[in-house]
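Secondary and tertiary structure notes
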Amino acid sequence: MAEQAAFPSPHVDPFELTRAKFVLPPGIRYFDGNSLGPLSKAVQMQAYISTTHEWGDGLIRSWQGAQWNTLPQRVGDHIGRLVGAAPGQVVACDSTSVNLFKALTAAARLRPGRRLIVTDAASFPTDLYIAGEVARLTGLEVLNVPAGQIPDVLGEQVAVVLLCHVDYRTAEIYDLARTAHAAHEAGALLVVDLSHSAGALPCDLDANGVDFAVGCGYKYLNGGPGAPAFLYAAARHIRECESPLAGWFGHATPFDFTESYVPAPGIERFLCGTNQVLALSILLRALEVFGEVSIGAIRARSLELTGRFIAGTQERLLRHGFLISSPQEAARRGSHVSLRHPQGYAIMQELAQRGVIGDFRTPDFMRFGFAPLFNTLEEADELVDQIDRIMEERAWDKPQYAQRRDFT
Ligand SMILES: *Cc1c(COP(=O)(O)O)cnc(C)c1O
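Only a predicted model underlies this, so the values are computations on that prediction, with no experimental measurement involved.

Basis of the calculations
Residues numbered from 1 in each chain as written. Predicted model: local features only at pLDDT ≥ 70, side-chain atom pairs only at ≥ 80, totals over all residues. Heavy atoms only, no water. Axes fitted to C-alpha atoms, helices over the stretch in contact; angles between N-to-C directions. Helix = DSSP H or I, 4+ residues; strand = E, 2+ residues; numbered from the N terminus. Left-handed = near helix turned anticlockwise from the far one by under 90°. Contact = heavy atoms within 4.5 Å. Phe/Tyr/Trp six-rings, centres within 6.5 Å; stacked < 30°, edge-to-face > 60°. Buried < 20%, exposed > 50% of the residue type's maximum accessible area, 1.4 Å probe, protein only. Pairing = 2+ DSSP bridges. Near = heavy atom within 4 Å. Polar contact = N/O pair within 3.5 Å; in protein donor to acceptor, adjacent residues only side chain to side chain. Areas by Shrake-Rupley, 256 points an atom, 1.4 Å probe, with all protein chains shown as cover. Nonpolar A, V, L, I, M, F, W, Y, C, P; charged D, E, K, R; others polar. Domains from an automatic or database assignment. Buried area = accessible area lost by both parts, 1.4 Å probe. Salt bridge = Lys/Arg side-chain N within 4 Å of Asp/Glu carboxyl O.

All right, on to the packing of helix α3 (residues 41-57) against helix α11 (residues 277-286) then. Running from amino to carboxyl end, α3 crosses α11 at an angle of 145°, the nearest separation of the two axes being 9 Å. α3 and α11 meet at a crossing whose hand is right-handed. Across the interface between the two elements, A42, V43, Q46, A47, S50, T51, E54 and W55 of α3 pack against L278, S281, I282, R285 and A286 of α11.

As a further point, take the packing of aromatic side chains. Describing an aromatic ring pair means giving the distance of the ring centres and the angle of the ring planes. Across all of its chains, the model carries 16 aromatic pairs by this definition. For the ring pair W63 and W68, a centre distance of 5.6 Å and an interplane angle of 85° mean the geometry is edge-to-face. On the numbers, 6.5 Å between centres and 75° between planes, the contact of F249 with F255 is edge-to-face. Owing to a relative accessible area of 55%, F255 belongs among the exposed residues under this scheme. Put simply, the rings of W63, W68, W248, F249, F255 and F257 pair up and form one aromatic cluster.

With that settled, the discussion passes to the pairing of strand β10 (residues 336-340). Most of β10 sits inside the fold, with 4 of its 5 residues counted as buried. The sheet contact formed by β10 and strand β13 (residues 365-369) spans 5 bridges and is antiparallel. Bridging across to β13, S338 finds its partner in R367.

By nearness alone, every residue bordering the ligand is listed as S95, T96, S97, F124, T126, D127, C164, D193, S195, H196, Y218 and K219. T96 is positioned such that a nitrogen or oxygen atom in its side chain is 2.9 Å from an oxygen atom of the ligand. Within the contact set of the ligand, a nitrogen atom lies 3.0 Å away from a side-chain nitrogen or oxygen of D127. In the complex, the protein chains occlude 86% of the 390 Å² of accessible area that the ligand would expose alone. Of all the secondary structure elements, the ones that give two or more residues to the shell around the ligand are α6 (96-109) and α7 (125-138). Grouping the amino acids of the shell around the ligand by side-chain chemistry returns 3 nonpolar, 6 polar and 3 charged.

Take the domain arrangement of the chain next. As assigned here, the chain comprises domain 1 (14-38 + 294-401) and domain 2 (48-291). For domain 1 versus domain 2, the separation of C-alpha centres amounts to 29 Å. Listed per partner, the contact involves 30 residues of domain 1 and 22 residues of domain 2. At the boundary of domain 1 with domain 2, total buried surface from both sides reaches about 2100 Å², with 62% on carbon and sulfur atoms. Considering only the surface of domain 1 that becomes buried against domain 2, N34, I295 and H336 emerge as the three largest contributors, covering 22% of it. Taken together, the links from domain 1 to domain 2 amount to 1 salt bridge. Of the charged contacts in the structure, one is a salt bridge between E172 and R332, with a shortest N-O distance of 3.1 Å. Summed over the shared surface of domain 1 and domain 2, the number is 12 residue pairs in polar contact (both at pLDDT 80 or more). At the level of elements, α12 (295-316), β10 and β13 are the ones that each hand at least two residues to the side of domain 1 that touches domain 2.

Have a look at this one:
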């Protein structure tokens, strides 16, 4: 095995090699890489290097010596390759929510005189909260419509469209090219949230004409709990747009300590405060594994995995009353599969008892992420098996599962 990892031959499944790079606890089947990606061995080592050597020995000298000063841009360009963005358009910093606030406000200000932010009513809640707040601060209103209908409601009143690329509950993929085209026809801009697509499927931001995008560092990118998120602004907008959070790290010359704010000429203008150095160093190292496989190969494998689980579900689980709420058509399906069941919460608890980890989203969505870098087809089969057995045994029917906990 060690020899294979050192000298990969064309006959070795590249995903066996990527799987071997993660520290997966024995006996655990992990279907939650879409919510918190697992630890890799390289990251374990990087955490030691960044603390002991770069911080411990290097102290403040590491801002130059260990290139802490350019981490957001370097991580950003790395993520850019995964989401189809040419260099110089992505920075890694802050949380997805904060980046969404910055991107949405910047976009809204590029379209003065228009009245509306259009978004999907079923969006991830933080996106809706942020959209509401941006609207309040910029004097706009939010119009909610089902995601698929967004292109049909656009007109001259619309400043910005905000869309999640992949629905966090159902895994439905929305068409970025079509939405960008419709937004631009109406004179509006498109802001996209890639939290459930970055690292799992091609996003082709440049090719699709997306104006701004944000996404998450701790899901398919495996950057660790609370990892920095990212922000993309298309090159054509960078010089004319402004971050609403003018902090010194977004300044053209932060270390001149000038009194007035002059934004950096490039994408760095979306930085605000001091770089999250340790978290960025870890995220950068975590991204290394993507050097082993193309995003196209990841997408193909993802469809194999989700397809296998859906086929198994159809064959063996529908009789227990499960509904498949993810699209069965491959082209419209992201990298997780959601099943709905009235006992979904209790079933997930029993699965966890058996070392099978997915998650639950209210009211009755059982969510299983299939991360091609480490999940296998055998695991997909085993998941079907375990659910089938739990239903046969009525093992979900336990009093302790009646009580819901936070953070599931
Ligand atoms: C996970 C997720 C987020 C996370 O936001 P944070 O501010 O980074 O916690 C935001 N939006 C969507 C759609 C998500 O799935």
